[in-house]
Amino acid sequence: MEQGSYNPYVTAQTQFDHVADIIGLDSSARELLRQPSREFHFTIPVKMDDGTTKVFNGYRIQHNDARGPAKGGIRFHPNETVDTIRALSMWMTWKCAVVDIPLGGGKGGIICDPHNLSKGEQERLCRGYVRQLAKNFGPNNDVPAPDVMSTGQHMLWMMDEYEAIQGGHYPGAITGKPVGMGGSLGRTEATGYGVIYTLREALKTLNIDIANTSASLQGFGNVAEYAARLYTSMGGKIVAISCWDQYDKKAYTFRNLNGLDIEQMVSIKDNFGTIDKEKARAMGCELLDGEAWIEQDVDILLPCALENQITPKTFAKISDKVRVLCEGANGPTTPDCDELIKARDIYLVPDFLCNAGGVTCSYFEQVQCNMNYFWDKKEVLEKLDYKMTTAFHAVHNLAQEKSLYMREAAYVIAINRVAEAVKLRGWI
Ligand code: GLU
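Fair warning: this is a prediction, and the values are worked out from it, not measured in the lab.

1. Some words on the pattern of salt bridges
Note on pairing: side chains with opposite charge can pair once their charged atoms come close.
Then, in step 1: As enumerated under the stated definition, the model contains 37 salt bridges in all.
Then, in step 2: With a shortest N-O distance of 3.0 Å, aspartate 100 and arginine 67 are connected by a salt bridge. Here arginine 67 lies in the loop between β2 (53-64) and β3 (70-77) and aspartate 100 lies in the loop between α3 (82-98) and β4 (105-111), a separation of 33 residues in the sequence.
Then, in step 3: Between arginine 229 and glutamate 263 there is a salt bridge, and its shortest N-O distance comes to 2.9 Å. Linking arginine 229 in helix α7 (residues 222-233) with glutamate 263 in helix α8 (residues 262-267), this pair joins segments that are 34 residues apart in sequence.
Then, in step 4: Shared partners join several salt bridges into a network, and the residues in it are Glu123, Arg127, Arg131, Asp160 and Glu161.

2. Looking at helix α14 (residues 377-401)
Then, in step 1: Between its terminal C-alpha atoms α14 stretches 36 Å, which fits the 36 Å expected from 25 residues at 1.5 Å a residue.
Then, in step 2: Looking at α14, one finds that the buried residues are Val380, Leu381, Leu384, Asp385, Met388, Thr389, Ala391, Phe392, Val395, His396, Leu398 and Ala399.
Then, in step 3: The positive-phi residue at the C-terminal boundary of α14 is serine 403, with phi of around 50°.

3. A closer look at the layout of surface pockets
Then, in step 1: For the second largest pocket, the calculated volume is near 320 Å³.
Then, in step 2: Taken together, 14 residues form the lining of the second largest pocket, with Asp345, Ile346, Tyr347, Gln400 and Met406 sitting closest to its centre.
Then, in step 3: Elements with a contribution of two residues or more to the lining of the second largest pocket: α11 (338-343), β12 (347-349) and α14.
Then, in step 4: Of the residues contributing to the lining of the second largest pocket, the split by class is 9 nonpolar, 2 polar and 3 charged.

4. Some points on the sheet that holds β3
Then, in step 1: Read across the open sheet, the 5 strands follow the order β1-β2-β4-β3-β5; overall the sheet is mixed. Of all strands in the sheet, those bounded by a partner on one side alone are β1 (38-47) and β5 (142-146). Strand-to-strand twist across the sheet, computed as the mean angle between neighbouring axes with direction ignored, equals 25°.
Then, in step 2: Sheet topology note: the β1/β2 ladder contains 10 bridges and is antiparallel. Counted as the bridge partner of phenylalanine 42 is glycine 58 from β2.

Rules of the game
Residue numbers restart at each chain and count upward from 1, following the sequence in its written direction. The model is predicted, so local features are restricted to residues of pLDDT at least 70 and side-chain atom pairs to those at 80 or more, both for listing and for counting; the totals for chains, interfaces and linings are taken over all residues. Note that the side-chain values use all heavy atoms of the structure and ignore hydrogens as well as water. The term salt bridge refers to a side-chain nitrogen of Lys or Arg lying within 4 Å of a carboxyl oxygen of Asp or Glu. We count a stretch as a helix when DSSP gives it H or I for four or more residues in a row; a strand needs E for two or more, and each element gets its number in order from the N terminus. An expected span of 1.5 Å times one less than the residue number is assigned to each helix. Three exposure classes are used, based on accessible area relative to the maximum for each residue type with a 1.4 Å probe and protein chains only: buried under 20%, partly exposed in between, and exposed over 50%. Note on definitions: the grid is 1 Å and covers protein atoms alone; a cavity is a set of points where a 1.4 Å probe fits but cannot get out; a pocket is an open set with protein on both sides within 12 Å along at least five of seven lines; lining residues have an atom within 4 Å of a point. Grid points are joined across faces, edges and corners, and a volume is the space filled by probe spheres set on the points. Residue polarity is assigned by list, with Asp, Glu, Lys and Arg as charged and Ala, Val, Leu, Ile, Met, Phe, Trp, Tyr, Cys and Pro as nonpolar; anything else, Gly included, falls into the polar class. At least two DSSP bridges between two strands are needed for those strands to be called paired. Helix axes use the C-alpha atoms of the stretch in contact, all axes being lines fitted to C-alpha atoms, and the angles between their N-to-C directions lie in the range 0 to 180 degrees.

Next comes the structure, spelled out in structure tokens:
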């Protein structure tokens, strides 16, 4: 899928500047909030299985912690850039603010492809990352979590290294840990389910019965998988899933106009999230080009993969039937598409609202760790649904009242909350 020359940090700053104008934000707040507070760039030497030492580049960027410790995932990606992490750290600040949890925004990354690393190499990489950063993160200042290609096992190695360095138990230092090891039930499902809670509410406001809708999905990682599971359990039909094939190094769209059986699709994806093409064909899937997901005749588009996937060029292929765009990924739509979305009257659930379920559940995980008392899954998911639904309606109502675009309304709420926190603290 086309990524072009879009720089996510420029996108994040453009979006911020636009809303700062709308709300008349003063210049000192603007200057403070349009860039990260702190950045850590470091090298991570890792002993490889073949006896050589490979040096990886790691980053942690803390955008703002006025409302609470910085919070956000650590991405493992071969094409990771500092600017991408800067943008993602900013979006984390707005994400935590829009769902009103007492956390700030941060993001980390390691330039690597975990597919090419053995388990032992991955463990040493995780521990090396923590050794470089241990003085600058923790339950009271910055709390990492999983993100693209990082898992609960990675988080557990990181927490173990952190605790070894600090000499004590600090389960609130990292979230997204495995259940039984300080993790919360429901965390695995949380981001994908949160996407569908906001979709369900969006459809209600449009008077559309979810059971009569169809959707096309980009991605089949954790977010997409659980979004697809919940959406289909509510009666929706997923006709297409576009997914990266790590062997062919390209994406394919798997389509079944009668609706894909999500459990079956999950059963034929490997540990790297690649769907087995032969098995998919045998199940009645058509195999189309990776970009074909966007041009399907569906009611709903769910981009749940990476940033910069919907550009004016790909937007032109979107079917007239599409009514709702739910951004499960961070920054999947480039800013020059916003006017196009408005003109086509597509209802947008913007990324940092739509995918806030993950960090909301991370917050629940911290709360449970602090109490050392863990809730059952039903309780976690009910609280998650309540948070997402409340945040959705706050944004929707503001958009209606002030005739704002949904992305603007979400930003207005989030920026106002963070600006108020920095002012109350006397930072500006
Ligand atoms: N990586 C997820 C996100 O982008 C979750 C972050 C977290 O749980 O801290 O929202």
